[in-house]
Each structure stands twice: as C-alpha cells, then as structure tokens.
Amino acid sequence: MSENTVTSADGTTIAYSVAGEGDLLILIDGATASRATTPEDAEIAALLADGFRVVGYDRRGRGGSGDTAPYAVEREIEDLAALIAATGDGRPVTLFGWSSGALLALHAAQAGVPVARLALFEPPVVVDDARPPLPADYVEQLDAAVAEGRRGDAVELFMTAAAGLPPEMVAGMRHAEFWGGLEAIAPTIAYDGRIVGDTMSGRPLRANLWDRVEVPVLVLHGVDTWPHLAGGSRAVAEHLRTATLEAVPGENHSATAETLAPVLRRFMDGD
C-alpha cells in the first residue's frame with residue numbers, strides 16, 4: 001500500500017494509504033481507532049485490491065493525520081471529500097464505516113458528498129431500552145475531562161457509557177499497556193460523540209436525519225454480536241429507504257476481513 005497525505009478544506013493534513021485499482025472504496029474507522037490499531041483495514045484492502053482501489057486513512061487527530069480546532073462534524077465530512085478528490089477518478093465511490101464511522105458515512109452522504117454506495121458495520125444506534133442510552137451530557141463530560149487533563153477519565157467514560165463495558169473491567173484496563181495510546185487520542189472521542197449525536201438516546205431515529213440518502217446502503221452486523229448492536233443495525237436499515245440488512249459471521253462488535261471482503265465485493269459489484 002502506498003502512503004500519502006491530502007490537505008482538507010481547513011488546512012488539516014490527512015494521512016492515507018492506497019491499494020489496488022478500480023472503483024473506489026474508503027474505509028472509515030470508529031471511535032479511538034486508526035490504521036495502526038485496525039489491522040482489518042489493511043487486510044480488507046489486500047483482499048480487494050485485485051478489483052478495487054481501497055483507501056484507508058487516519059481520521060483527524062489520530063495516527064499520521066493532523067487536527068485543527070475548533071472541531072465540527074462538517075470538518076470530517078470535508079476530509080472525506082478531500083480523500084475522494086485526491087484518490088478517485090470519477091468512478092463510483094463506496095464508503096465503508098465501522099461503528100461510529102458508519103454514522104460519519106451516512107452524514108457525508110446526507111451532506112452531498114458524491115458517493116455511490118454505503119456499507120455500514122454495526123452503527124452504534126440505540127432506539128429502545130435494550131441498553132442504557134448515552135448520557136444527555138456525554139460530549140460535555142468528555143470535553144471537560146480532556147480540558148482538565150483527565151484523559152484517562154474521558155477514555156473510561158467512553159468505555160463504560162458508550163461501549164457498555166462494566167466499570168470494574170475498565171478499571172483494570174487502566175493499568176494495561178494499551179491504555180496510554182487511548183489517552184493520547186482521548187480528545188477525538190468527543191468527535192465521535194458529536195457524530196453519534198442523539199442516535200443513542202433510546203428514542204426512534206429522527207425522520208429527517210438521513211432523508212437525502214438515496215444510494216444503496218448495506219447494513220451489516222455480526223451473527224453473534226451483542227443484541228443491542230444487532231437491534232441498532234436493524235433500526236438503521238428500517239429507517240433508510242434504500243437499505244438492506246445482512247448478518248455476517250462475527251461477535252462482540254467485530255468481524256474478520258475474510259468475512260467482510262467478499263460481502264463488500266458482492267455489494268460493490270451490484271450483486
């Protein structure tokens with residue numbers, strides 16, 4: 001895969017890698033993730049590079065990408081537009097989003113970014129009482145923790161309130177080797193909180209949330225994933241006029257590249 005950078009509309013440098021040639025597929029990571037922590041991205045690219053141009057990138061504030069204050073979801077939509085302009089050749093563009101990256105893909109399509117298809121893996125949506133909703137002041141709590149230098153508390157809030165892990169499990173994680181890496185990108189956790197917005201409120205999705213999304217959408221969830229994630233995927237698929245829901249092998253908010261690559265290939269080929 002070749003390593004490259006592109007400058008987004010606000011001057012922020014976005015780092016990305018490219019493999020293969022053909023119709024464009026851009027992989028969008030979820031909260032806390034980057035190319036370095038999501039090996040599945042490179043594995044998907046390797047499996048699809050024989051027929052597609054696959055782009056993986058570091059979302060702003062992570063990995064090799066820069067960051068520019070103040071943050072707004074629109075800046076990340078501009079990042080995607082810049083990536084498409086830099087790597088596309090006018091051929092159809094598919095966005096594949098993991099978790100909250102799936103919601104970013106939807107927001108980009110809603111905003112008019114030129115895409116032909118969306119593939120979404122387990123978008124974090126809570127429309128019922130299957131699990132506790134996000135606190136109404138979730139983003140404000142994250143911003144305060146980071147501003148006060150309590151990055152570990154911001155990570156813990158994400159792990160418990162958003163990811164739904166037990167507090168005692170997260171307390172043990174704070175001593176793990178990987179915790180320092182999570183603290184380093186803690187300011188970006190609130191970015192995903194803004195992308196999620198009210199989609200984890202426990203209330204039905206707003207009617208006009210993605211009402212301009214007219215392209216084909218494939219919503220995926222693991223067969224053995226947590227029930228609320230399967231339910232959230234189903235809610236998104238039912239909300240979108242052009243969506244199809246599919247369960248694939250996987251559990252606990254994950255699936256392998258070997259599972260996802262053929263599904264994405266079939267979707268992009270229009271089968």
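Our subject in this report is the structure included herewith. What you are looking at is a predicted structure, and each value in this text was computed from that prediction instead of being measured.

1. Let's talk about the pattern of salt bridges
Line of reasoning, step 1. According to the stated counting rule, one finds 19 salt bridges in the structure shown.
Line of reasoning, step 2. The salt bridge involving Asp10 is made with Arg60; its shortest N-O contact spans 3.0 Å. Remark: Arg60 occurs in the loop between strand E4 (52–57) and helix H2 (73–87) and Asp10 occurs in the loop between strand E1 (2–7) and strand E2 (13–19); sequence separation between them is 50 residues.
Line of reasoning, step 3. Asp10 gets classed as partly exposed once you look at its relative accessible area, which sits at 27%.
Line of reasoning, step 4. With its nearest N and O atoms 2.9 Å apart, the salt bridge here joins Arg59 to Glu76. Pair noted here: Arg59 is in the loop between E4 and H2 and Glu76 is in helix H2, with a separation of 17 residues, a long-range link. Glu76 shares its class with Arg59; the two are buried.
Line of reasoning, step 5. One salt-bridge network, held together by shared partners, links Glu148, Arg150, Asp153, Glu156 and Arg174.

2. A word on the packing of helix H3 (residues 100–110) against helix H8 (residues 189–196)
Line of reasoning, step 1. With their axes 9 Å apart at the nearest point, H3 and H8 run at an angle of 55° to one another. Classed by the angle they form, the pair H3 and H8 counts as oblique. At the point where H3 passes H8, the crossing takes the left-handed sense. Contact residues: Ser100, Leu103, Leu104 and His107 in H3; Asp192, Ile195 and Val196 in H8.

3. Some remarks on the sheet that holds strand E8 (residues 243–251)
Line of reasoning, step 1. If you trace the 8 strands from one edge of the open sheet to the other, you get E1-E2-E4-E3-E5-E6-E7-E8, paired in mixed fashion. The strands lining the two open edges of the sheet, one partner per strand, are E1 and E8. Strand-to-strand, the axes of this sheet are offset by a mean angle of 25°, without reference to chain direction.
Line of reasoning, step 2. Running at roughly 150° to strand E5 (residues 93–98), helix H1 (residues 39–48) makes contact with E2, strand E3 (23–28), E4 and E5 of the sheet.

4. As for the layout of surface pockets
Line of reasoning, step 1. Quantified by volume, the largest pocket comes out at close to 1,200 Å³.
Line of reasoning, step 2. Lining the largest pocket we find 43 residues, and of these Ala31, Thr32, Ala33, Phe158 and His253 sit closest to its centre.
Line of reasoning, step 3. When contributions to the lining of the largest pocket are tallied by element, the ones reaching two or more residues are helix H5 (151–162), helix H7 (179–184), H8 and helix H9 (227–239).
Line of reasoning, step 4. Ranked by residue count, the leading element in the lining of the largest pocket is H8, at 4 residues.
Line of reasoning, step 5. Among the residues making up the lining of the largest pocket, the classes are represented as 24 nonpolar, 14 polar and 5 charged.

5. Brief notes about the nonpolar core
Line of reasoning, step 1. Residues Ile26, Leu95, Leu118 and Tyr138 are the most contacted members of the largest nonpolar core, which totals 67 residues.
Line of reasoning, step 2. If near-sequence neighbours (up to four positions away) are discounted, Tyr138 is found in contact with Leu157, Phe158, Ala161, Ala162, Ile189 and Gly193.
Line of reasoning, step 3. In terms of nonpolar packing, the next biggest core, distinct from the first, is built from 23 residues, Leu27, Trp98, Phe121 and Ala257 among them.

6. Description of H1
Each full turn of the α-helix corresponds to 3.6 residues, which orients residues three or four apart in the same direction.
Line of reasoning, step 1. Every buried residue of H1 is accounted for by Asp41, Ile44, Ala45 and Leu48. Taken down its axis, H1 places every buried residue within 100° of arc, on the same side.
Line of reasoning, step 2. Its buried side turned inward, H1 meets E2, E3, E4, E5 and helix H10 (257–268).

7. Here's the deal with the packing of aromatic side chains
Line of reasoning, step 1. Tallied over the entire structure, the rule returns 3 aromatic pairs.
Line of reasoning, step 2. Measuring from ring centre to ring centre gives 5.2 Å for Phe96 and Trp98, while their planes differ by 75°; the resulting arrangement is edge-to-face.
Line of reasoning, step 3. Using a relative accessible area of 0% as the deciding quantity, one classes Phe96 as buried.
Line of reasoning, step 4. Through a chain of ring-to-ring contacts, the aromatic side chains of Phe96, Trp98 and Phe121 assemble into a single cluster.

8. A word on the packing of helix H4 (residues 138–147) against H5
In helix packing, the relevant descriptors are the interaxial angle and the interaxial distance, both defined with respect to the helix axes.
Line of reasoning, step 1. The geometry of H4 relative to H5 is characterised by a closest axis approach of 7 Å and an angle of 160° between their N-to-C directions. Relative to H5, the element H4 lies roughly antiparallel. For the crossing formed where H4 meets H5, the hand is left-handed. Here H4 contributes Tyr138, Gln141, Leu142, Ala145 and Val146 to the contact with H5, which in turn contributes Arg151, Asp153, Ala154, Leu157, Phe158, Ala161 and Ala162.
Line of reasoning, step 2. Its residues assigned to classes, the contact of H4 with H5 comprises 9 nonpolar, 1 polar and 2 charged.

Reading guide: rules and limits
- Residues numbered from 1 in each chain as written.
- Predicted model: local features only at pLDDT ≥ 70, side-chain atom pairs only at ≥ 80, totals over all residues.
- Heavy atoms only, no water.
- Salt bridge = Lys/Arg side-chain N within 4 Å of Asp/Glu carboxyl O.
- Helix = DSSP H or I, 4+ residues; strand = E, 2+ residues; numbered from the N terminus.
- Buried < 20%, exposed > 50% of the residue type's maximum accessible area, 1.4 Å probe, protein only.
- Axes fitted to C-alpha atoms, helices over the stretch in contact; angles between N-to-C directions.
- Parallel < 35°, antiparallel > 145°, perpendicular 65-115°, else oblique.
- Left-handed = near helix turned anticlockwise from the far one by under 90°.
- Contact = heavy atoms within 4.5 Å.
- Pairing = 2+ DSSP bridges.
- 1 Å grid on protein atoms, 1.4 Å probe; cavity = no way out; pocket = protein on both sides within 12 Å on 5 of 7 lines; lining within 4 Å.
- Points joined across faces, edges and corners; volume = space filled by probe spheres on them.
- Nonpolar A, V, L, I, M, F, W, Y, C, P; charged D, E, K, R; others polar.
- Core = buried A, V, L, I, M, F, W, Y, C linked by side-chain atoms within 4.5 Å.
- Arc of directions from axis to C-beta.
- Phe/Tyr/Trp six-rings, centres within 6.5 Å; stacked < 30°, edge-to-face > 60°.

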